[in-house]
Amino acid sequence: MITDQLDSRVLRFTDSYAQRFMRPGTYRYGVVAAGAHPAKAVPVEAVRSLHRGSAAAPFTVQVEEGEAGAMAQTVLTVRREGTRFVVDQPTVRIRTGDMVMWHGTDASWPFAIAGEKEFFGSDRLVNESGFSHAFTAAGTHEWGDAYGSGLRGTVRVRQPRLGSAKDVEAWQSRLSAGTLVTITDAVAEPAEVDLVVGQTVFFVVTRGPGVSVTDVDLLPPTGKGDGDEDDEARVAAAAS
Amino acid sequence: MPEIIAAIDEGAATTIFTTLAAGLPPQSSSGSSSFGPFTAAYAATATLSSPGTVDLIPPGTIRVADLRMDWHLHLSLSLDIGDFLPDIHIPQVCVHIPCVGDVCTPKIDIVWPTVTVPIDLSDYVKTTVDLGIAVTLVAGTWKVEGVVQGVPNLQFGLTTAAMLAVVGAAVAAAVAWVPLIGPFLAVLVAAVVAAIGVAGLTGLLDPILTPFISGTRFPVYAQPQLFTVLPAAGANDPAVTITLDTIAAEVQHNPPEDELVLSADISA
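Residues numbered from 1 in each chain as written. Chains lettered and ligands numbered in written order. Predicted model: local features only at pLDDT ≥ 70, side-chain atom pairs only at ≥ 80, totals over all residues. Heavy atoms only, no water.

Caption draft 1: Region of interest: the confidence of the model for chain A. Summary statistics for chain A give a mean pLDDT of 84 and a share of 82% for residues scoring 70 or more. Between residues 223-240 of chain A, whose pLDDT stays under 50, and residues either more than four places distant or in other chains, the model counts 27 contacts. (pLDDT = per-residue confidence, 0-100. Contact = heavy atoms within 4.5 Å.)

See below:
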């Protein structure tokens, strides 16, 4: 029985969302609750209000022009305060080409990152973004794209044998080995991955119209996302 | 010399007690009790389902053998998984993205939660009890009752191992949702079951179930002290009533039988 859910639209404490910022500017965003319903994993209205410039986007990524070089990474922690989500650094300053990663600490409160710009949001992964998930239960995850791109993949997670303290130690040491899945134009490479419980897969989108990494059991029956009529326009905008 | 004497032998007594046991309502209790090293809230119900056989022993004992009681116990066990499993974390994971560089996820600490484990145990117990005979006059009614004496020794139908297996299955089901519990599930279940152990189960069940039997009163006979033996037949023929002045009950050996004998003194 799998009790672990794979869905990039709904960030849990075993997930992270990462975004590279390639152009200078000020990128405002908010953190919204997610996961109330599998077919509408992210409260789309809340995201749209953020896109319209609502004051509900209290956090900022300031991107300055930088010299080409090694990518720097900033990790931000999301936690719940009362009924709201807060980020440990409300404003971060980075250089172009750098990456910001968000992760949560509360197992009970899944969330989504919702930026004002179309490309910036965990509900839909576009160019230069990523999503990681640590698999915490054995089983087979057939996953797809909730937005209907046809992207598919499989993650098989098996139970380690932990008969002794030595086994536990060996297992723990294996957990630091991550697996990279690259998504380009709705094709995952590798499409199939084998892990043991506790290991992490980092899904990185190098190019694409905006996809999710979602257990097929959570996909809407039509395979066409959440039925939002603006989807096509949004895909086009992201692609442009 | 009493004016009224009634007697029943052991065969009749068994028949009567079968009827009496069937008429006793289910009993229930709730509270909290220690369950091995844990404290568990419980709600218990019990029903006497069979009195077995009755042995009348002079001068005042009614021995009921193989008295059967069906019981159900619902437990809510609060279990802190962290008490049994080591601290676990998913370390920082780094992957190399070609043409981009290394990306590292943050370390994830697994905080083992405290879970509530619902445990439902159902079984029966059998026991042999000795009833004393109690005769009381309460609110104008004579009552003769068999009252369970002492603390019976309960014999469970299921083996303790089977009940511990039920506990283990309940623990496994209750923690299945906990992230990363899978590799540790067998270890956790074994540790919890071992911690509870046979002593924990008997220590829980005995004090909860024993009161359902200990002190149980079987109503053998009830009669208003003042009662009509002939109804009124007219204005000049009033009802005839008598008063039960005293009632006594004892077990007598009247060869070849042992009998439960009720005797009454009456007055008009």
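That was the structure; now back to the text.
Caption draft 2: Geometry of the interface of chain A and chain B. With 32 residues of chain A at the interface, the matching set in chain B holds 28 residues. In terms of surface lost to chain B, no three residues of chain A exceed Phe13, Thr136 and Gln172 of chain A, which account for 20% of the buried area on that side. In this structure, the connection of chain A to chain B is made through zero salt bridges. Of all the elements in the fold, those that place two or more residues in the side of chain A that touches chain B are β1 (15-20), β4 (73-81), β7 (99-104), β9 (129-134), α2 (165-174), β12 (179-184) and β15 (200-207) of chain A. Classifying every residue of the side of chain A that touches chain B by side-chain character gives 17 nonpolar, 14 polar and one charged. (Buried area = accessible area lost by both parts, 1.4 Å probe. Salt bridge = Lys/Arg side-chain N within 4 Å of Asp/Glu carboxyl O. Helix = DSSP H or I, 4+ residues; strand = E, 2+ residues; numbered from the N terminus. Nonpolar A, V, L, I, M, F, W, Y, C, P; charged D, E, K, R; others polar.)

Caption draft 3: Layout of the sheet that holds strand β6 (residues 91-95) of chain A. All names here are of chain A. The sheet built from four strands is open, its strands ordered β6-β3-β2-β8 with mixed pairing. The two strands at the open ends of the sheet, each matched to only one other strand, are β6 and β8 (111-115). Within this sheet the neighbouring strands show an average axis-to-axis angle of 25 degrees, counted without direction. Note that strand β3 (residues 59-64) and β6 share five bridges and pair parallel. Residue pairing across strands places Glu64 opposite Arg95, the latter belonging to β6. (Pairing = 2+ DSSP bridges. Axes fitted to C-alpha atoms, helices over the stretch in contact; angles between N-to-C directions.)

Caption draft 4: Representation of unusual backbone geometry in the model. Residues and elements named next belong to chain B. The omega torsion of the bond from Pro58 to Pro59 falls at 5 degrees, within 30 degrees of zero and hence cis. Relative to the helices and strands, Pro59 is located in the loop between β4 (53-57) and β5 (61-80). The linkage connecting Pro255 with the following residue, Pro256, adopts the cis geometry, with an omega of 5 degrees. With respect to the helices and strands, the residue Pro256 is situated in the loop between β15 (240-254) and β16 (257-267). One non-glycine residue, Asp66, lies in positive phi territory at about 60 degrees. Within the secondary structure layout, Asp66 lies in strand β5. The exposure class of Asp66 is partly exposed, given its relative accessible area of 40%. In the Ramachandran plot, Ala139 falls in the positive-phi region, its phi being about 50 degrees despite a non-glycine side chain. Here Ala139 is to be found in the loop between β10 (114-138) and β11 (141-149). (Buried < 20%, exposed > 50% of the residue type's maximum accessible area, 1.4 Å probe, protein only.)

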